[in-house]
Amino acid sequence: MNARRSKLHIFVDILRLINRKNGRAKPTHILYGANLSHIRLKKYLAQLLDNGFIQQVSEGGHSYYIITQKGYEFMHEFKKVEQFSDAFGISV
Amino acid sequence: MNMADVLIPFRFYGVDSIFYIISALIGFFVSYYAYKLYDVTGKKSHFYFYLSFILLSMGLLTVGLSSAYTYINFFEHGRPSGQDTIIDTVAFVDDFGYWIYYIISLAAYAMLAFSYMPDKARKLVPIMIPFWYTGFPYFNILSFFLLSYTIFRSILNYASRKNLNSLLVMAAFSLIGLYHLLLFFTSFSKVVYVAAHLSLILGFLSLLTMLTRLKK
């Protein structure tokens, strides 16, 4: 498995996980759902924040991650691309 | 291949050009998605895949336009009857179009097979190059040979996924392969030429159907 591919899939997995939680998830929920170590999760969340795919918000003393419009667009684009590559049998 | 080498039913004159142009437009549509795939992943193999469809579409567009030009001149000036200059120009455009198509589409099929190959196997591809140079008289057989690996991979993909999209891609590559195989036998019957071009357009329509099924 190539490093870039796994990174891309982890990005999408995290975004899909937040999306399943109605577009808003606590870091602990992401940690359990994404099946990543705390250090790796922090790294990926930082990259998703840098890319503008997610945003960190605080509410009632809790920290949440929400998916931005750019993040939804990325997920949507990735879904199409994934279907396209699946149809041709070329891995994403 | 030109009009003199193959048997083409008179009523099919120009229809083949339209088929080529439609196939080219669908090919450009596929390459648009292939570019999106490359844009998201940044993988080299996806770039080759994108490039293969761009090249194939350019080749089909070239042959479509050059053959349309030939047919238009044929209907305008009729059969060769001493107007050598016009006939020579038309024959040149037709031949030139086909040669561009031969070169570009062979490169496209090779690149397509290349994009499907495992990384280690790609090093073996240059072995095929000398075969290319001697293979032009047998362009369609060579194209079928290059495409056969892609067909094989698409069959494997359908066997493992068993969904409609992979079935449409498998059908598309198989029909495009059949087009090349049938074209090799066009000197035997006019029906073969029509069947080959129907196979080509059905192949590309199959790809178009798959693209329209992708989630909006």
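Above this text you will find the structure in question.
These numbers were taken from a predicted model, which means no experiment stands behind them. (Residues numbered from 1 in each chain as written. Chains lettered and ligands numbered in written order. Predicted model: local features only at pLDDT ≥ 70, side-chain atom pairs only at ≥ 80, totals over all residues.)

### Digging into the overall build of chain B
Link 1 in the chain: For chain B, the helix and strand inventory stands at seven helices and zero strands.
Link 2 in the chain: The order of α-helices and β-strands along chain B, N terminus first, is α-α-α-α-α-α-α.
Link 3 in the chain: Looking at chain B as a whole, 42% of its 216 residues qualify as buried.
Link 4 in the chain: Counted over contacts in chain B with a minimum sequence separation of 6, partners at least 24 positions apart contribute 76%. (Helix = DSSP H or I, 4+ residues; strand = E, 2+ residues; numbered from the N terminus. Buried ≥ 20, exposed ≤ 12 C-beta atoms within 10 Å, placed from the backbone. Contact = placed C-beta atoms within 7 Å.)

### Concerning the interface of chain B and chain A
Link 1 in the chain: Facing the 23 residues of chain B at the interface are 17 residues of chain A.
Link 2 in the chain: Mapped by element, the contributors of at least two residues to the side of chain B that touches chain A are helix 1 (15-41), helix 2 (44-77), helix 3 (84-116), helix 5 (139-161) and helix 6 (164-183) of chain B.
Link 3 in the chain: Per-class residue counts for the side of chain B that touches chain A are ten nonpolar, nine polar and four charged. (Nonpolar A, V, L, I, M, F, W, Y, C, P; charged D, E, K, R; others polar.)

### Topic: the nonpolar core
Link 1 in the chain: Ranked by size, the top nonpolar core spans 74 residues in total, and within it Ile18(A), Ala34(B), Tyr109(B), Met111(B), Val169(B), Ala172(B) and Tyr179(B) carry the most contacts.
Link 2 in the chain: Broken down by element, this core gets its largest block of residues, twelve residues, from helix 3 of chain B.
Link 3 in the chain: When residues no more than four places from it in sequence are discounted, the contact partners of Ala34(B) are His46(B), Phe49(B), Tyr50(B) and Phe53(B). (Core = buried A, V, L, I, M, F, W, Y, C linked by C-beta atoms within 7 Å.)

### A look at helix 5 of chain B
Link 1 in the chain: Between the first and last C-alpha of helix 5 of chain B there are 33 Å, a value that for 23 residues agrees with the 33 Å anticipated at 1.5 Å per step.
Link 2 in the chain: One or two steps after helix 5 of chain B, the chain reaches Lys162(B), where phi turns positive at roughly 50°. (Expected span 1.5 Å × (residues − 1).)

### A word on the sheet that holds strand 2 (residues 54-59) of chain A
Sheet strands pair by backbone hydrogen bonding; their relative direction is either parallel or antiparallel.
Link 1 in the chain: What the three strands build is an open sheet, ordered 1-3-2 (chain A); its pairing is antiparallel. With one partner strand each, in any of the chains shown, strand 1 (24-25) and strand 2 of chain A form the two edges of the open sheet. (Pairing = 2+ DSSP bridges.)

### Some words on the pairing of strand 3 (residues 62-67) of chain A
Residue and element names in this part refer to chain A.
Link 1 in the chain: For strand 1 and strand 3, the ladder comprises two bridges, and the chain directions are antiparallel. Bridging across to strand 3, Arg 24 finds its partner in Ile 66.
Link 2 in the chain: Relative to strand 3, strand 2 is paired through six bridges, and the arrangement is antiparallel. Paired with Gln 55 across the bridge in strand 3 is Ile 66.
Link 3 in the chain: What sits between strand 2 and strand 3 in their antiparallel hairpin is a turn of two residues, with Gly 60 showing a positive phi close to 55°.

### Here we look at the environment of Leu214(B)
Link 1 in the chain: Position of Leu214(B) among the secondary structure elements: in the segment after helix 7 (190-213).
Link 2 in the chain: The contacts of Leu214(B), once residues within four sequence positions are left out, are Lys80(A), Gln83(A) and Phe84(A).

### Looking at the packing of helix 4 (residues 69-88) of chain A against helix 1 of chain B
Link 1 in the chain: Contact pair helix 4 of chain A / helix 1 of chain B: the axes reach a minimum separation of 10 Å and the direction vectors enclose 115°. As for how helix 4 of chain A packs across helix 1 of chain B, the hand of that crossing is left-handed. Here Glu77(A), Phe78(A), Val81(A), Phe84(A) and Ser85(A) of helix 4 of chain A lie close against helix 1 of chain B, whose contacting residues are Tyr33(B), Lys36(B), Leu37(B) and Val40(B).
Link 2 in the chain: For the contact of helix 4 of chain A with helix 1 of chain B, the residue count by class is six nonpolar, one polar and two charged. (Axes fitted to C-alpha atoms, helices over the stretch in contact; angles between N-to-C directions. Left-handed = near helix turned anticlockwise from the far one by under 90°.)

### Let's talk about unusual backbone geometry
Link 1 in the chain: The residue Asn35(A) is not glycine, and still its phi comes out positive at about 55°.
Link 2 in the chain: Structurally, the position occupied by Asn35(A) is in the loop between helix 2 (27-34) and helix 3 (38-50).
Link 3 in the chain: The exposure class of Asn35(A) is exposed, given the 11 C-beta atoms found within 10 Å.
Link 4 in the chain: Positive phi, normally seen in glycine, also occurs at Lys162(B), with a value near 50°.
Link 5 in the chain: Locating Lys162(B) in the fold gives a position in the loop between helix 5 and helix 6.
Link 6 in the chain: In this structure Lys162(B) comes out as exposed when scored by C-beta crowding, with 9 C-beta atoms within 10 Å.

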